[in-house]
Amino acid sequence: MRKRELKNMEWGILIAAIILCIIGMVALFSATQEAEYDEFIKQVIWFVVSIIIMIAIMLIDYELLVKISPGLYGLSIILLIAVLFTKPINGASSWFSIGFFSLQPAEFAKIAVILALAYTISKIQQKGKTEINKPTRLLIILSVVALPVLLIVKQPDYGTAIAFMVATALILLVSGIDKKYIIGTILIVIIAIPLLYLFVLPEHAKTRIDIFLNPESDSRGAGYNIIQSKLAIGAGGLTGMGLFKGNQTQLGFLYPKTTDFIFSVIGEEMGFLVASSIIIIYVFLVTKCIYVAKTAKDTTGTIVASGIAGIFLFHMVENIGMVMGLLPITGVPLPFISYGGSSMMINFISIGILLNISGKRQKTIFVK
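Quick caveat, the model's predicted, so the values are computed rather than measured.

Caption draft 1: Looking closely at unusual backbone geometry. In this structure, Pro156 follows Gln155 across a cis peptide bond, with omega equal to -5°. Take Pro156: it is sitting in the loop between α7 (135–154) and α8 (158–174). Look at the link from Tyr255 to Pro256: it is a cis peptide, with omega at -10°. Following the sequence through the fold, Pro256 ends up in the loop between α12 (247–250) and α13 (262–269). The residue Glu36 is not glycine, and still its phi comes out positive at about 60°. Tracing the backbone through its elements, the reader meets Glu36 in the loop between α2 (11–31) and α3 (38–58). On the accessibility criterion, Glu36 (67% relative accessible area) is exposed. Non-glycine residue Tyr37 carries a positive phi angle of around 60°. Position of Tyr37 relative to the elements: it lies in the loop between α2 and α3. Take Tyr37: its relative accessible area is 26%, and that puts it in the partly exposed class.

Following this line, the structure appears as structure tokens:
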């Protein structure tokens, strides 16, 4: 790797990710003391492994990754089909259990689909930038996303499915999609939401929406987790109750406190100052992702960086929103902070790709 590429890289992205990981590990250390720090130790191992993989990704030209994306996409589809035949965990067939850890194919599909979208759109736009607005071409692009989304919904994992949709919307937006499609999509969504709720969504999904609107209606059942989460965040005050001292965290009222509700642990034990700092760091991270997309040397880099920004943005907004009672609970993890090997690895692979894209920029980009 040339010195110019290293100098061009947006190292602030990596620094932000590492800071978030450190905060997450501190929270995990406190939240897993009764389990002899099992998940904390695994998370540290996954962090080290993920950093090594990220460095390897940095050394591979992102254009090569896009070229091989059809193969990666096909492999992800096979894994998403195969996982449907595994034994459900917490009601969802989303993981392969391999020894002492679990593998979640939907996480790996995120990168595969983003790269495949970049490959597909780049091929279509070789004939002209406006080719993307032809209905047949747009249908091809949407079909690339539709298949994995349908398989993920089948697991069921609605949160991850929505993350794909948000990333796709951002990718289409930066690719120059016509405004008529944007307006049409908004109208369809407005009409479809009540119809989906009434005739399509399964009962457990409807329950989550109902509980989001009125958690006190089932305070000892479906609304229990969100009520405890809000109590934990509120109890933290400005500086928190201190590590190992959170009532909801340490007495077992928060569940699952190491994944979905890790932000509640941070709010209770570290307080508003640390919790708000996390939000600021995420805003910085997403802003830098968008900057990388804006300054990429080609359309392919712009598409890939935009897709990654969409994934990070949705996960941050949805996870923090749901634990504060502002959004329905979907089981979406908080990037770099929630416990999870697959999530940690894919997040750092994404960081490696972003650094790769930013490193390939020309010096003239920074000269006005």
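Once you've had a look at it, read on.
Caption draft 2: Highlighting the side chain of Gln43. Structurally, the position occupied by Gln43 is in helix α3. Other than its neighbours up to four places away in sequence, Gln43 contacts Met25, Leu28, Ile337, Ser338, Tyr339, Gly340 and Met344.

Caption draft 3: Local environment of helix α14 (residues 271–295). The end-to-end C-alpha separation of α14 is 37 Å, in line with the 36 Å expected for 25 residues at 1.5 Å each. Buried within α14 are the following residues: Gly271, Ala275, Ser276, Ile278, Ile281, Tyr282, Leu285, Val286, Cys289, Val292, Ala293 and Thr295. Where the residues of α14 are buried, they touch α2, α11 (224–236), α13, α15 (299–323) and α16 (341–359).

Caption draft 4: View of the packing of helix α5 (residues 69–82) against α7. At a closest axis distance of 9 Å, the pairing of α5 and α7 adopts a crossing angle of 20°. By the angle between their directions, the pair α5 and α7 is classed as roughly parallel. In the packing of α5 onto α7, the handedness of the crossing is left-handed. Contact residues: α5 offers Tyr73, Ile77, Leu80 and Ile81, while α7 offers Ser143, Val144, Leu147, Pro148, Leu151 and Ile152. Taken together, the residues of the contact of α5 with α7 break down into nine nonpolar, one polar and no charged.

Caption draft 5: Looking closely at the nonpolar core. Leu285, Phe348 and Ile351 are the most contacted members of the largest nonpolar core, which has 101 residues in total. By residue number, the principal contributor to this core is α15, which donates twelve residues. For Ile351, the residues in contact, after removing those within four places along its chain, are Ile13, Leu14, Ala17, Met54, Leu285, Phe312 and Phe336.

Caption draft 6: Geometry of the pattern of salt bridges. Inspection of every chain in the model, using the stated rule, returns nine salt bridges. In this structure, Lys288 engages Glu10 in a salt bridge whose closest nitrogen and oxygen atoms are separated by 3.1 Å. With Lys288 in helix α14 and Glu10 in the loop between α1 (3–8) and α2, this pair connects stretches of sequence that are 278 residues apart. Its salt-bridge partner being Lys257, residue Glu34 comes within 3.3 Å of it at the nearest N-O pair. Note that Glu34 is positioned in the loop between α2 and α3 and Lys257 in the loop between α12 and α13, a separation of 223 residues in sequence. Judged by relative accessible area, Glu34 falls into the exposed class, the value being 52%. Each member of the salt-bridge network shares a partner with another, and the members are Glu10, Lys288 and Arg361.

Caption draft 7: Focus on the state of the cysteines. Scanning the entire structure with this criterion turns up zero disulfides. Cys289 takes part in no disulfide bond, and the closest cysteine sulfur, belonging to Cys21, lies 14 Å away.

Caption draft 8: Examining the environment of Gly221 more closely. Tracing the sequence through the fold places Gly221 in the loop between α10 (203–213) and α11. Each C-alpha atom, one on Gly221 and one on Ile211, is 9.6 Å from the other, the two residues being ten residues apart in sequence.

What counts, and where the lines are drawn
- Residues numbered from 1 in each chain as written.
- Predicted model: local features only at pLDDT ≥ 70, side-chain atom pairs only at ≥ 80, totals over all residues.
- Heavy atoms only, no water.
- Helix = DSSP H or I, 4+ residues; strand = E, 2+ residues; numbered from the N terminus.
- Buried < 20%, exposed > 50% of the residue type's maximum accessible area, 1.4 Å probe, protein only.
- Contact = heavy atoms within 4.5 Å.
- Expected span 1.5 Å × (residues − 1).
- Axes fitted to C-alpha atoms, helices over the stretch in contact; angles between N-to-C directions.
- Parallel < 35°, antiparallel > 145°, perpendicular 65-115°, else oblique.
- Left-handed = near helix turned anticlockwise from the far one by under 90°.
- Nonpolar A, V, L, I, M, F, W, Y, C, P; charged D, E, K, R; others polar.
- Core = buried A, V, L, I, M, F, W, Y, C linked by side-chain atoms within 4.5 Å.
- Salt bridge = Lys/Arg side-chain N within 4 Å of Asp/Glu carboxyl O.
- Disulfide = S-S within 2.5 Å.

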